[in-house]
Amino acid sequence: MTSIILLSVFGIVNLFVGFLKSKKILLPLALLFLIVVFGVNLLGWNNTQTYFNNMLTIDNYAVAFTGIMVLTTLLILPFSQSYIDAEDENLAEYYSLLLFSLVGAIMMVAYENLIMLFIGIEILSIAMYVLAGSNKRSLRSNEAALKYFLMGSFFTGVLLFGIVLIYGATGTFDITEIGAANVMADGTINTMFTMGLLLLVIGISFKIAAAPFHFWTPDVYEGTPTFFTTFMATVVKTAGVAAFYKLMNAAFEGSFTSWFPTVIAITVLTLVVGNIGAVIQPSVKRMLAYSSISHAGYLLMTLVAFNDLSENAIFFYSLSYAVASVISFGVLKLVEDAREGNHSFAAFNGLGKTNPLLAFVMTVSMLSLGGIPLTAGFFGKLFVFSAVIETGNLMWLVVLAVVLAAIGIYYYIKVVIAMYMQPTGENTKVPVSGFATLVLIICAALTVLLGLAPGLISNIL
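A.B. asks: Looking at this structure, I do not really get the overall build of the protein chain. What am I missing?
C.D. replies: A count of helices and strands for the protein chain gives 19 helices and two strands. Relative to its length of 461 residues, the protein chain is compact, with a C-alpha radius of gyration of 21 Å against a globular reference of 23 Å. Dimensions of the protein chain, computed from C-alpha atoms along their principal axes, come out at roughly 70 × 50 × 40 Å. Going through the 461 residues of the protein chain one by one, you find that 61% of them count as buried. Of the roughly 17,100 Å² that the protein chain leaves accessible, carbon and sulfur atoms contribute 68%.

Right under this line is the structure:
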(Lines give C-alpha, C1' and ligand atoms only; values in the text may rest on other atoms or scores of the structure.)
Protein backbone atom coordinates (compact mmCIF):
# COMPACT_ATOMS: atom_id res chain seq x y z
CA MET A 1 0.00 0.00 0.00
CA THR A 2 2.89 2.33 0.77
CA SER A 3 4.14 1.75 -2.79
CA ILE A 4 0.80 2.88 -4.22
CA ILE A 5 0.77 6.04 -2.06
CA LEU A 6 4.38 6.89 -2.89
CA LEU A 7 3.90 6.41 -6.63
CA SER A 8 0.81 8.64 -6.57
CA VAL A 9 2.62 11.38 -4.63
CA PHE A 10 5.77 11.07 -6.74
CA GLY A 11 3.70 11.34 -9.92
CA ILE A 12 2.18 14.62 -8.75
CA VAL A 13 5.56 15.96 -7.54
CA ASN A 14 7.03 15.09 -10.93
CA LEU A 15 4.36 17.18 -12.66
CA PHE A 16 5.28 20.23 -10.56
CA VAL A 17 9.00 19.71 -11.20
CA GLY A 18 8.11 19.75 -14.89
CA PHE A 19 7.41 23.49 -14.60
CA LEU A 20 11.16 24.08 -14.23
CA LYS A 21 12.93 25.32 -17.34
CA SER A 22 15.50 22.54 -17.34
CA LYS A 23 14.19 19.03 -18.02
CA LYS A 24 17.47 17.33 -17.15
CA ILE A 25 16.50 16.81 -13.51
CA LEU A 26 13.36 14.84 -14.40
CA LEU A 27 15.07 11.55 -15.32
CA PRO A 28 17.29 11.30 -12.20
CA LEU A 29 14.31 12.30 -10.07
CA ALA A 30 12.01 9.68 -11.62
CA LEU A 31 14.72 7.02 -11.18
CA LEU A 32 15.17 8.06 -7.53
CA PHE A 33 11.41 7.79 -6.97
CA LEU A 34 11.36 4.27 -8.42
CA ILE A 35 14.38 3.16 -6.37
CA VAL A 36 12.59 4.35 -3.21
CA VAL A 37 9.40 2.51 -4.20
CA PHE A 38 11.37 -0.64 -5.03
CA GLY A 39 13.02 -0.60 -1.59
CA VAL A 40 9.80 0.15 0.26
CA ASN A 41 8.03 -2.62 -1.61
CA LEU A 42 10.60 -5.19 -0.46
CA LEU A 43 9.83 -4.30 3.17
CA GLY A 44 6.44 -5.93 2.63
CA TRP A 45 8.02 -9.38 2.14
CA ASN A 46 6.65 -11.92 4.68
CA ASN A 47 4.51 -9.15 6.15
CA THR A 48 1.02 -9.66 4.71
CA GLN A 49 -1.29 -6.67 5.19
CA THR A 50 -4.89 -6.09 4.07
CA TYR A 51 -6.45 -2.69 3.36
CA PHE A 52 -9.88 -1.11 2.78
CA ASN A 53 -11.92 -3.87 4.39
CA ASN A 54 -9.99 -6.63 2.62
CA MET A 55 -10.19 -5.06 -0.85
CA LEU A 56 -6.39 -5.04 -1.26
CA THR A 57 -3.83 -7.49 0.11
CA ILE A 58 -0.10 -6.90 0.01
CA ASP A 59 1.38 -10.39 0.36
CA ASN A 60 4.46 -12.08 -1.08
CA TYR A 61 2.69 -12.60 -4.41
CA ALA A 62 1.95 -8.87 -4.72
CA VAL A 63 5.43 -7.88 -3.52
CA ALA A 64 7.15 -10.21 -6.00
CA PHE A 65 5.26 -9.00 -9.06
CA THR A 66 5.38 -5.36 -7.93
CA GLY A 67 9.15 -5.82 -7.71
CA ILE A 68 9.32 -7.03 -11.31
CA MET A 69 7.20 -4.14 -12.59
CA VAL A 70 9.04 -1.40 -10.70
CA LEU A 71 12.43 -2.86 -11.66
CA THR A 72 11.37 -3.07 -15.30
CA THR A 73 10.26 0.57 -15.29
CA LEU A 74 13.59 1.53 -13.72
CA LEU A 75 15.40 -0.19 -16.58
CA ILE A 76 13.17 1.37 -19.24
CA LEU A 77 13.45 5.02 -18.20
CA PRO A 78 17.07 5.61 -19.36
CA PHE A 79 15.90 5.02 -22.93
CA SER A 80 13.97 8.29 -22.75
CA GLN A 81 17.22 10.20 -23.32
CA SER A 82 16.08 11.29 -26.79
CA TYR A 83 13.12 13.13 -25.22
CA ILE A 84 15.54 14.93 -22.87
CA ASP A 85 17.91 15.84 -25.69
CA ALA A 86 15.00 17.20 -27.70
CA GLU A 87 13.79 19.12 -24.61
CA ASP A 88 10.33 17.64 -25.07
CA GLU A 89 7.90 19.89 -23.26
CA ASN A 90 5.76 16.93 -22.17
CA LEU A 91 8.53 14.88 -20.56
CA ALA A 92 7.23 15.40 -17.00
CA GLU A 93 3.77 14.25 -18.08
CA TYR A 94 5.23 11.12 -19.66
CA TYR A 95 7.08 10.14 -16.49
CA SER A 96 4.06 10.93 -14.32
CA LEU A 97 1.77 8.83 -16.49
CA LEU A 98 4.19 5.92 -16.20
CA LEU A 99 4.24 6.31 -12.40
CA PHE A 100 0.43 6.51 -12.28
CA SER A 101 0.09 3.48 -14.52
CA LEU A 102 2.32 1.56 -12.10
CA VAL A 103 -0.27 2.33 -9.42
CA GLY A 104 -2.87 0.54 -11.53
CA ALA A 105 -0.47 -2.34 -12.20
CA ILE A 106 0.16 -2.84 -8.47
CA MET A 107 -3.57 -2.81 -7.78
CA MET A 108 -3.95 -5.55 -10.39
CA VAL A 109 -1.61 -7.90 -8.50
CA ALA A 110 -2.82 -6.97 -5.00
CA TYR A 111 -6.62 -6.94 -5.40
CA GLU A 112 -8.94 -9.06 -3.31
CA ASN A 113 -12.08 -7.59 -4.81
CA LEU A 114 -13.25 -7.45 -8.44
CA ILE A 115 -13.93 -3.72 -8.14
CA MET A 116 -10.29 -3.11 -7.24
CA LEU A 117 -9.21 -5.27 -10.19
CA PHE A 118 -11.39 -3.20 -12.51
CA ILE A 119 -10.08 0.10 -11.12
CA GLY A 120 -6.49 -1.13 -11.42
CA ILE A 121 -7.00 -2.16 -15.06
CA GLU A 122 -8.56 1.20 -15.90
CA ILE A 123 -5.85 3.27 -14.20
CA LEU A 124 -3.25 1.33 -16.17
CA SER A 125 -5.17 1.39 -19.45
CA ILE A 126 -6.10 5.09 -19.50
CA ALA A 127 -2.45 6.08 -19.03
CA MET A 128 -1.45 3.75 -21.86
CA TYR A 129 -4.12 5.16 -24.23
CA VAL A 130 -2.59 8.61 -23.76
CA LEU A 131 1.02 7.44 -24.11
CA ALA A 132 0.20 5.43 -27.25
CA GLY A 133 -0.80 8.70 -28.97
CA SER A 134 1.93 10.84 -27.42
CA ASN A 135 3.61 11.48 -30.78
CA LYS A 136 0.94 13.88 -31.98
CA ARG A 137 2.70 14.57 -35.30
CA SER A 138 2.69 10.90 -36.27
CA LEU A 139 -0.39 9.54 -38.02
CA ARG A 140 0.55 6.01 -36.94
CA SER A 141 0.75 7.07 -33.30
CA ASN A 142 -2.66 8.75 -33.50
CA GLU A 143 -4.10 5.67 -35.19
CA ALA A 144 -2.58 3.42 -32.52
CA ALA A 145 -4.08 5.50 -29.71
CA LEU A 146 -7.53 5.59 -31.29
CA LYS A 147 -7.50 1.87 -32.08
CA TYR A 148 -6.23 0.99 -28.60
CA PHE A 149 -8.81 3.24 -26.95
CA LEU A 150 -11.79 1.98 -28.96
CA MET A 151 -10.88 -1.69 -28.63
CA GLY A 152 -9.89 -1.27 -25.00
CA SER A 153 -13.14 0.48 -24.16
CA PHE A 154 -15.19 -2.25 -25.81
CA PHE A 155 -13.44 -5.03 -23.90
CA THR A 156 -13.63 -3.01 -20.69
CA GLY A 157 -17.39 -3.18 -21.19
CA VAL A 158 -17.12 -6.96 -21.66
CA LEU A 159 -15.05 -7.25 -18.48
CA LEU A 160 -17.46 -5.09 -16.51
CA PHE A 161 -20.47 -7.09 -17.73
CA GLY A 162 -18.70 -10.25 -16.59
CA ILE A 163 -18.14 -8.75 -13.12
CA VAL A 164 -21.82 -7.79 -12.92
CA LEU A 165 -22.92 -11.33 -13.80
CA ILE A 166 -20.54 -12.80 -11.23
CA TYR A 167 -21.99 -10.44 -8.62
CA GLY A 168 -25.50 -11.38 -9.69
CA ALA A 169 -24.71 -15.08 -9.26
CA THR A 170 -22.80 -14.86 -5.98
CA GLY A 171 -23.83 -11.57 -4.33
CA THR A 172 -20.22 -10.55 -3.68
CA PHE A 173 -17.21 -8.93 -5.35
CA ASP A 174 -14.74 -10.55 -2.93
CA ILE A 175 -12.74 -13.16 -4.85
CA THR A 176 -12.39 -15.48 -1.83
CA GLU A 177 -16.13 -15.41 -1.20
CA ILE A 178 -16.77 -15.98 -4.91
CA GLY A 179 -14.54 -19.04 -4.72
CA ALA A 180 -16.67 -20.43 -1.90
CA ALA A 181 -20.01 -19.61 -3.51
CA ASN A 182 -19.61 -20.66 -7.12
CA VAL A 183 -20.86 -24.26 -6.87
CA MET A 184 -24.53 -24.84 -6.24
CA ALA A 185 -25.88 -27.37 -3.79
CA ASP A 186 -26.45 -30.05 -6.44
CA GLY A 187 -22.88 -29.69 -7.70
CA THR A 188 -23.74 -27.91 -10.95
CA ILE A 189 -22.42 -24.48 -11.91
CA ASN A 190 -24.79 -21.51 -12.08
CA THR A 191 -25.35 -20.45 -15.73
CA MET A 192 -25.10 -16.75 -14.92
CA PHE A 193 -21.88 -17.47 -13.06
CA THR A 194 -20.47 -19.37 -16.04
CA MET A 195 -21.33 -16.57 -18.46
CA GLY A 196 -19.75 -14.00 -16.17
CA LEU A 197 -16.64 -16.16 -15.86
CA LEU A 198 -16.27 -16.49 -19.63
CA LEU A 199 -16.69 -12.73 -20.12
CA LEU A 200 -14.00 -12.10 -17.50
CA VAL A 201 -11.66 -14.50 -19.30
CA ILE A 202 -12.31 -12.70 -22.61
CA GLY A 203 -11.82 -9.25 -21.07
CA ILE A 204 -8.48 -10.09 -19.45
CA SER A 205 -7.32 -12.02 -22.53
CA PHE A 206 -7.64 -8.78 -24.49
CA LYS A 207 -5.52 -6.94 -21.94
CA ILE A 208 -2.66 -9.45 -22.24
CA ALA A 209 -2.97 -9.66 -26.06
CA ALA A 210 -3.98 -13.32 -26.14
CA ALA A 211 -5.47 -14.68 -29.37
CA PRO A 212 -8.10 -14.31 -30.77
CA PHE A 213 -8.30 -10.98 -28.93
CA HIS A 214 -4.81 -9.92 -30.05
CA PHE A 215 -5.75 -8.15 -33.28
CA TRP A 216 -4.98 -4.68 -31.91
CA THR A 217 -1.45 -5.59 -30.81
CA PRO A 218 0.71 -5.37 -33.99
CA ASP A 219 -0.71 -2.02 -35.14
CA VAL A 220 -0.73 -0.48 -31.67
CA TYR A 221 2.80 -1.68 -30.88
CA GLU A 222 4.03 -0.37 -34.24
CA GLY A 223 2.34 3.03 -33.97
CA THR A 224 3.15 3.68 -30.32
CA PRO A 225 6.52 5.38 -29.67
CA THR A 226 8.98 2.56 -28.94
CA PHE A 227 9.81 3.89 -25.47
CA PHE A 228 6.20 3.34 -24.41
CA THR A 229 5.85 0.13 -26.39
CA THR A 230 8.56 -1.30 -24.12
CA PHE A 231 6.46 -0.50 -21.07
CA MET A 232 3.37 -1.92 -22.77
CA ALA A 233 5.10 -5.19 -23.68
CA THR A 234 6.59 -5.76 -20.22
CA VAL A 235 4.83 -4.10 -17.28
CA VAL A 236 1.31 -4.29 -18.73
CA LYS A 237 1.72 -7.95 -19.69
CA THR A 238 3.24 -8.90 -16.31
CA ALA A 239 0.38 -7.20 -14.44
CA GLY A 240 -2.23 -8.78 -16.69
CA VAL A 241 -0.95 -12.34 -16.42
CA ALA A 242 -0.38 -12.11 -12.64
CA ALA A 243 -3.90 -10.70 -12.18
CA PHE A 244 -5.34 -13.42 -14.44
CA TYR A 245 -3.70 -16.25 -12.47
CA LYS A 246 -4.70 -14.76 -9.11
CA LEU A 247 -8.31 -14.43 -10.25
CA MET A 248 -8.61 -18.02 -11.46
CA ASN A 249 -6.75 -19.40 -8.45
CA ALA A 250 -8.72 -17.54 -5.80
CA ALA A 251 -12.18 -17.18 -7.30
CA PHE A 252 -12.60 -19.90 -9.90
CA GLU A 253 -10.59 -22.90 -8.71
CA GLY A 254 -13.80 -24.78 -7.94
CA SER A 255 -15.16 -24.22 -11.46
CA PHE A 256 -11.97 -25.36 -13.18
CA THR A 257 -13.87 -27.62 -15.59
CA SER A 258 -15.95 -24.66 -16.78
CA TRP A 259 -13.09 -22.43 -17.85
CA PHE A 260 -10.37 -24.97 -18.68
CA PRO A 261 -11.54 -25.71 -22.28
CA THR A 262 -11.75 -21.99 -23.06
CA VAL A 263 -8.37 -21.15 -21.56
CA ILE A 264 -6.57 -24.05 -23.25
CA ALA A 265 -8.11 -23.08 -26.61
CA ILE A 266 -6.94 -19.47 -26.09
CA THR A 267 -3.48 -20.73 -25.09
CA VAL A 268 -3.03 -22.92 -28.17
CA LEU A 269 -4.34 -20.21 -30.49
CA THR A 270 -2.06 -17.61 -28.89
CA LEU A 271 1.01 -19.81 -29.27
CA VAL A 272 0.25 -20.56 -32.92
CA VAL A 273 -0.75 -17.03 -33.96
CA GLY A 274 2.15 -15.41 -32.11
CA ASN A 275 4.89 -17.64 -33.45
CA ILE A 276 3.61 -18.11 -37.02
CA GLY A 277 2.66 -14.45 -37.30
CA ALA A 278 6.13 -13.29 -36.22
CA VAL A 279 7.81 -15.30 -39.00
CA ILE A 280 6.33 -13.22 -41.81
CA GLN A 281 6.71 -9.73 -40.33
CA PRO A 282 8.78 -7.24 -42.38
CA SER A 283 10.04 -5.19 -39.43
CA VAL A 284 11.69 -5.93 -36.09
CA LYS A 285 9.06 -3.93 -34.21
CA ARG A 286 6.14 -5.91 -35.62
CA MET A 287 8.08 -9.13 -35.11
CA LEU A 288 8.51 -8.21 -31.44
CA ALA A 289 4.79 -7.42 -31.25
CA TYR A 290 3.89 -10.93 -32.44
CA SER A 291 6.64 -12.29 -30.22
CA SER A 292 4.93 -10.70 -27.22
CA ILE A 293 1.71 -12.48 -28.24
CA SER A 294 3.55 -15.81 -28.30
CA HIS A 295 5.02 -15.15 -24.85
CA ALA A 296 1.51 -14.48 -23.56
CA GLY A 297 0.76 -18.00 -24.77
CA TYR A 298 3.67 -19.52 -22.84
CA LEU A 299 2.59 -17.63 -19.73
CA LEU A 300 -0.98 -18.88 -20.19
CA MET A 301 0.35 -22.44 -20.15
CA THR A 302 0.93 -21.98 -16.41
CA LEU A 303 -2.77 -21.26 -16.06
CA VAL A 304 -3.57 -24.44 -17.98
CA ALA A 305 -1.26 -26.40 -15.67
CA PHE A 306 -2.84 -24.75 -12.62
CA ASN A 307 -0.73 -26.51 -9.98
CA ASP A 308 1.86 -25.77 -7.28
CA LEU A 309 4.55 -25.00 -9.88
CA SER A 310 2.53 -22.36 -11.71
CA GLU A 311 3.16 -19.30 -9.49
CA ASN A 312 6.94 -19.63 -9.54
CA ALA A 313 6.89 -20.40 -13.26
CA ILE A 314 4.93 -17.19 -13.97
CA PHE A 315 7.29 -15.18 -11.76
CA PHE A 316 10.49 -16.49 -13.36
CA TYR A 317 9.14 -16.29 -16.89
CA SER A 318 7.81 -12.76 -16.40
CA LEU A 319 11.14 -11.52 -15.06
CA SER A 320 13.24 -13.19 -17.77
CA TYR A 321 10.88 -11.98 -20.51
CA ALA A 322 10.79 -8.42 -19.12
CA VAL A 323 14.57 -8.11 -18.89
CA ALA A 324 15.13 -9.52 -22.40
CA SER A 325 12.39 -7.26 -23.77
CA VAL A 326 13.97 -4.17 -22.22
CA ILE A 327 17.13 -5.00 -24.17
CA SER A 328 15.37 -5.75 -27.46
CA PHE A 329 13.06 -2.74 -27.43
CA GLY A 330 15.84 -0.55 -26.00
CA VAL A 331 18.24 -1.41 -28.83
CA LEU A 332 15.37 -1.06 -31.31
CA LYS A 333 14.69 2.47 -30.05
CA LEU A 334 18.35 3.45 -30.31
CA VAL A 335 18.54 2.08 -33.85
CA GLU A 336 15.26 3.77 -34.78
CA ASP A 337 16.48 7.13 -33.50
CA ALA A 338 19.68 6.80 -35.54
CA ARG A 339 17.93 5.55 -38.72
CA GLU A 340 15.16 8.18 -38.92
CA GLY A 341 12.44 5.89 -37.59
CA ASN A 342 13.38 2.86 -39.68
CA HIS A 343 12.71 -0.32 -37.69
CA SER A 344 13.04 -2.87 -40.50
CA PHE A 345 15.51 -5.77 -40.34
CA ALA A 346 17.73 -3.83 -42.77
CA ALA A 347 18.17 -1.10 -40.16
CA PHE A 348 20.15 -3.65 -38.10
CA ASN A 349 22.48 -4.59 -40.98
CA GLY A 350 26.11 -4.42 -39.90
CA LEU A 351 25.33 -3.40 -36.31
CA GLY A 352 27.95 -5.94 -35.19
CA LYS A 353 30.61 -3.80 -36.88
CA THR A 354 29.34 -0.30 -36.08
CA ASN A 355 28.19 -1.05 -32.48
CA PRO A 356 29.62 -4.38 -31.23
CA LEU A 357 28.19 -3.92 -27.72
CA LEU A 358 24.66 -3.20 -28.97
CA ALA A 359 24.83 -6.21 -31.27
CA PHE A 360 26.07 -8.43 -28.45
CA VAL A 361 23.35 -7.50 -25.93
CA MET A 362 20.73 -7.73 -28.68
CA THR A 363 21.99 -11.24 -29.43
CA VAL A 364 21.72 -12.18 -25.75
CA SER A 365 18.17 -10.83 -25.76
CA MET A 366 17.16 -12.73 -28.90
CA LEU A 367 18.65 -15.98 -27.54
CA SER A 368 16.81 -15.53 -24.25
CA LEU A 369 13.48 -14.77 -25.94
CA GLY A 370 14.06 -17.83 -28.12
CA GLY A 371 14.70 -20.02 -25.06
CA ILE A 372 18.32 -20.95 -25.84
CA PRO A 373 20.29 -22.60 -22.94
CA LEU A 374 22.52 -20.47 -20.68
CA THR A 375 19.97 -17.66 -20.81
CA ALA A 376 17.11 -16.86 -18.44
CA GLY A 377 14.60 -17.50 -21.22
CA PHE A 378 15.60 -21.17 -21.39
CA PHE A 379 14.73 -21.80 -17.76
CA GLY A 380 11.60 -19.66 -18.09
CA LYS A 381 10.28 -22.03 -20.72
CA LEU A 382 11.61 -25.08 -18.86
CA PHE A 383 9.71 -24.14 -15.69
CA VAL A 384 6.51 -23.51 -17.66
CA PHE A 385 6.82 -26.83 -19.48
CA SER A 386 7.60 -28.61 -16.19
CA ALA A 387 4.40 -27.22 -14.66
CA VAL A 388 2.38 -28.54 -17.60
CA ILE A 389 4.12 -31.94 -17.58
CA GLU A 390 3.29 -32.21 -13.87
CA THR A 391 -0.41 -32.43 -14.79
CA GLY A 392 0.32 -35.76 -16.50
CA ASN A 393 -2.16 -35.45 -19.37
CA LEU A 394 -1.05 -32.45 -21.42
CA MET A 395 2.13 -33.71 -23.07
CA TRP A 396 0.68 -32.82 -26.47
CA LEU A 397 0.60 -29.16 -25.41
CA VAL A 398 4.25 -29.28 -24.35
CA VAL A 399 5.23 -30.89 -27.68
CA LEU A 400 3.30 -28.22 -29.58
CA ALA A 401 4.91 -25.45 -27.51
CA VAL A 402 8.40 -26.88 -28.12
CA VAL A 403 7.80 -27.05 -31.89
CA LEU A 404 6.56 -23.47 -31.91
CA ALA A 405 9.51 -22.37 -29.76
CA ALA A 406 11.80 -23.89 -32.40
CA ILE A 407 9.99 -21.81 -35.03
CA GLY A 408 10.48 -18.80 -32.77
CA ILE A 409 14.24 -19.25 -32.88
CA TYR A 410 14.08 -18.68 -36.65
CA TYR A 411 12.67 -15.16 -36.45
CA TYR A 412 14.90 -14.18 -33.54
CA ILE A 413 17.98 -15.39 -35.42
CA LYS A 414 17.00 -13.20 -38.40
CA VAL A 415 17.96 -10.17 -36.29
CA VAL A 416 21.31 -11.75 -35.34
CA ILE A 417 22.02 -12.56 -39.01
CA ALA A 418 21.27 -8.97 -40.02
CA MET A 419 23.65 -7.63 -37.36
CA TYR A 420 26.59 -9.94 -38.03
CA MET A 421 26.26 -11.33 -41.56
CA GLN A 422 24.78 -8.48 -43.59
CA PRO A 423 26.91 -5.62 -44.98
CA THR A 424 26.73 -2.34 -43.14
CA GLY A 425 25.66 -0.45 -46.26
CA GLU A 426 24.77 3.14 -45.46
CA ASN A 427 24.17 2.39 -41.79
CA THR A 428 26.38 4.48 -39.52
CA LYS A 429 27.31 4.06 -35.87
CA VAL A 430 24.36 4.33 -33.48
CA PRO A 431 24.94 6.94 -30.74
CA VAL A 432 24.30 5.50 -27.26
CA SER A 433 24.34 7.39 -23.96
CA GLY A 434 26.41 6.05 -21.08
CA PHE A 435 23.29 5.51 -19.02
CA ALA A 436 21.60 3.39 -21.68
CA THR A 437 24.83 1.41 -22.17
CA LEU A 438 24.97 0.66 -18.44
CA VAL A 439 21.35 -0.53 -18.41
CA LEU A 440 21.90 -2.77 -21.43
CA ILE A 441 24.97 -4.35 -19.80
CA ILE A 442 23.05 -4.91 -16.53
CA CYS A 443 20.12 -6.51 -18.38
CA ALA A 444 22.42 -8.77 -20.41
CA ALA A 445 24.34 -9.78 -17.27
CA LEU A 446 21.07 -10.52 -15.44
CA THR A 447 19.86 -12.62 -18.36
CA VAL A 448 23.04 -14.71 -18.33
CA LEU A 449 23.13 -14.90 -14.51
CA LEU A 450 19.58 -16.29 -14.35
CA GLY A 451 20.53 -18.65 -17.16
CA LEU A 452 23.45 -20.00 -15.12
CA ALA A 453 21.88 -19.89 -11.64
CA PRO A 454 18.08 -19.97 -11.96
CA GLY A 455 17.81 -21.30 -8.41
CA LEU A 456 18.43 -17.78 -7.09
CA ILE A 457 14.77 -16.89 -7.59
CA SER A 458 13.04 -19.96 -9.03
CA ASN A 459 11.33 -20.93 -5.76
CA ILE A 460 10.72 -17.51 -4.31
CA LEU A 461 6.93 -17.92 -3.99
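A.B. asks: Hey, could you run me through helix H1 (residues 2-17) in this one?
C.D. replies: Each full turn of the α-helix corresponds to 3.6 residues, which orients residues three or four apart in the same direction. End to end, H1 covers 22 Å across 16 residues, agreeing with the expected 22 Å (1.5 Å per residue, within 8%). Where the residues of H1 are buried, they touch helix H2 (26-42), strand E2 (56-58) and helix H5 (91-110).

A.B. asks: Just to check I follow, could you spell out the packing of H5 against helix H11 (residues 226-251) for this structure?
C.D. replies: To characterise two packed helices, one gives the angle between the axes of the helices and the distance between these axes. Interhelical geometry of H5 versus H11 gives an angle of 15° and a closest axis separation of 8 Å. With respect to H11, the axis of H5 lies roughly parallel. Viewed along their axes, H5 and H11 form a crossing whose handedness is left-handed. Listed contacts from H11 to Tyr 94, Leu 98, Ser 101, Leu 102, Ala 105, Met 108, Val 109 and Ala 110 of H5 are Phe 227, Phe 228, Phe 231, Val 235, Ala 239, Gly 240, Ala 242, Ala 243 and Lys 246. Broken down by class, the residue content of the contact of H5 with H11 amounts to 14 nonpolar, two polar and one charged.

A.B. asks: What should I look at first to understand empty space enclosed by the protein in this one?
C.D. replies: In this approach the atoms are scanned with a rolling probe the size of a water molecule, which exposes any empty space left behind. The full count for this structure, using the stated rule, is five cavities of 30 Å³ or more. Here the largest cavity defines a volume of roughly 100 Å³. Lining of the largest cavity is provided by Met 108, Ile 121, Leu 124, Ser 125, Tyr 129, Tyr 148, Phe 206, Lys 207, Trp 216, Val 236 and Gly 240. Secondary-structure elements contributing two or more residues to the lining of the largest cavity are helix H6 (114-132), helix H9 (191-207) and H11. A total of four residues in the lining of the largest cavity trace back to one element, the largest contributor, which is H6. The residue inventory of the lining of the largest cavity, partitioned by class, reads eight nonpolar, two polar and one charged.

The rules behind these values
Residues numbered from 1 in each chain as written. Predicted model: local features only at pLDDT ≥ 70, side-chain atom pairs only at ≥ 80, totals over all residues. Heavy atoms only, no water. Helix = DSSP H or I, 4+ residues; strand = E, 2+ residues; numbered from the N terminus. Rg over C-alpha atoms; globule rule 2.2 N^0.38 Å. Buried < 20%, exposed > 50% of the residue type's maximum accessible area, 1.4 Å probe, protein only. Areas by Shrake-Rupley, 256 points an atom, 1.4 Å probe, with all protein chains shown as cover. Expected span 1.5 Å × (residues − 1). Contact = heavy atoms within 4.5 Å. Axes fitted to C-alpha atoms, helices over the stretch in contact; angles between N-to-C directions. Parallel < 35°, antiparallel > 145°, perpendicular 65-115°, else oblique. Left-handed = near helix turned anticlockwise from the far one by under 90°. Nonpolar A, V, L, I, M, F, W, Y, C, P; charged D, E, K, R; others polar. 1 Å grid on protein atoms, 1.4 Å probe; cavity = no way out; pocket = protein on both sides within 12 Å on 5 of 7 lines; lining within 4 Å. Points joined across faces, edges and corners; volume = space filled by probe spheres on them.

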